[in-house]
Amino acid sequence: MDFNITKIGGFIVLILIYLLVRKFFKKVADVTEKIGESTENTEELNRLKTKIILLEQKINNNP
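Residues numbered from 1 in each chain as written. Predicted model: local features only at pLDDT ≥ 70, side-chain atom pairs only at ≥ 80, totals over all residues. Heavy atoms only, no water.

Participant: Please clarify how the overall build of the protein chain should be interpreted in this entry.
Facilitator: Each helix and strand counted, the protein chain has one helix and zero strands in total. The C-alpha atoms of the protein chain give a radius of gyration of 28 Å, which is well past the 11 Å a tight globule of 63 residues would have. Dimensions of the protein chain, computed from C-alpha atoms along their principal axes, come out at roughly 95 × 15 × 5 Å. Across the 63 residues in the protein chain, those meeting the buried criterion constitute 0%. On the protein chain, roughly 6,300 Å² of surface is accessible, and the fraction owed to carbon and sulfur atoms is 67%. Across the protein chain, the centroid of the 10 positively charged side chains sits 3 Å from that of the 8 negatively charged ones. (Helix = DSSP H or I, 4+ residues; strand = E, 2+ residues; numbered from the N terminus. Rg over C-alpha atoms; globule rule 2.2 N^0.38 Å. Buried < 20%, exposed > 50% of the residue type's maximum accessible area, 1.4 Å probe, protein only. Areas by Shrake-Rupley, 256 points an atom, 1.4 Å probe, with all protein chains shown as cover. Lys, Arg positive; Asp, Glu negative; His and termini not counted. Charge placed at Lys NZ, Arg CZ, Asp CG, Glu CD.)

Participant: Before we go on, may I ask you to explain a negative patch on the surface in this structure?
Facilitator: On the surface, a cluster of negative charge is made up of Glu33, Glu37, Glu40, Glu43 and Glu44. Following the sequence through the fold, Glu44 ends up in helix 1 (residues 5-61). (Patch = residues over 30% accessible without salt bridge, like charges linked within 9 Å, V, L, I, M, F, W, Y side chains within 5 Å. Salt bridge = Lys/Arg side-chain N within 4 Å of Asp/Glu carboxyl O.)

Participant: Just checking my understanding: could you explain the pattern of salt bridges for this structure?
Facilitator: When the charged atoms of two side chains with opposite charge come close together, those side chains can pair. Under the criterion given, the structure shown has one salt bridge. Its salt-bridge partner being Lys26, residue Asp30 comes within 3.7 Å of it at the nearest N-O pair. Residue Asp30 and its partner Lys26 are both found in helix 1; the two are separated by four residues, about one turn of the helix. A relative accessible area of 33% places Asp30 in the partly exposed class. A residue is classified by how much of its surface remains accessible, and Lys26, at 54% relative accessible area, is exposed.

Participant: Is there a simple way to think about the packing of aromatic side chains in this case?
Facilitator: The geometry of two aromatic rings is summed up by the distance between their centres and the angle between their planes. Taken as a whole and judged by the stated rule, the model has one aromatic pair. Taking 5.3 Å as the distance between ring centres and 65 degrees as the angle between the ring planes, the aromatic pair formed by Phe24 and Phe25 counts as edge-to-face. Accessibility classification places Phe24 together with Phe25 in one group, the exposed group. (Phe/Tyr/Trp six-rings, centres within 6.5 Å; stacked < 30°, edge-to-face > 60°.)

Spatial relationships are all this shows, so hold off on functional conclusions.
In structure tokens:
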């Protein structure tokens, strides 16, 4: 068996590149997930604020 140092080095480099790419895409997925959650939260907050305003108006109009 002929162990060539360049083949072993190349294999190690490929593994490192794989791990770096995987870590990068994990960070991208986390960022996009946070962006998605923030838009959902703002929509829900706006909906709840309008409901609160309507209920306050109903309370104030009914003495």
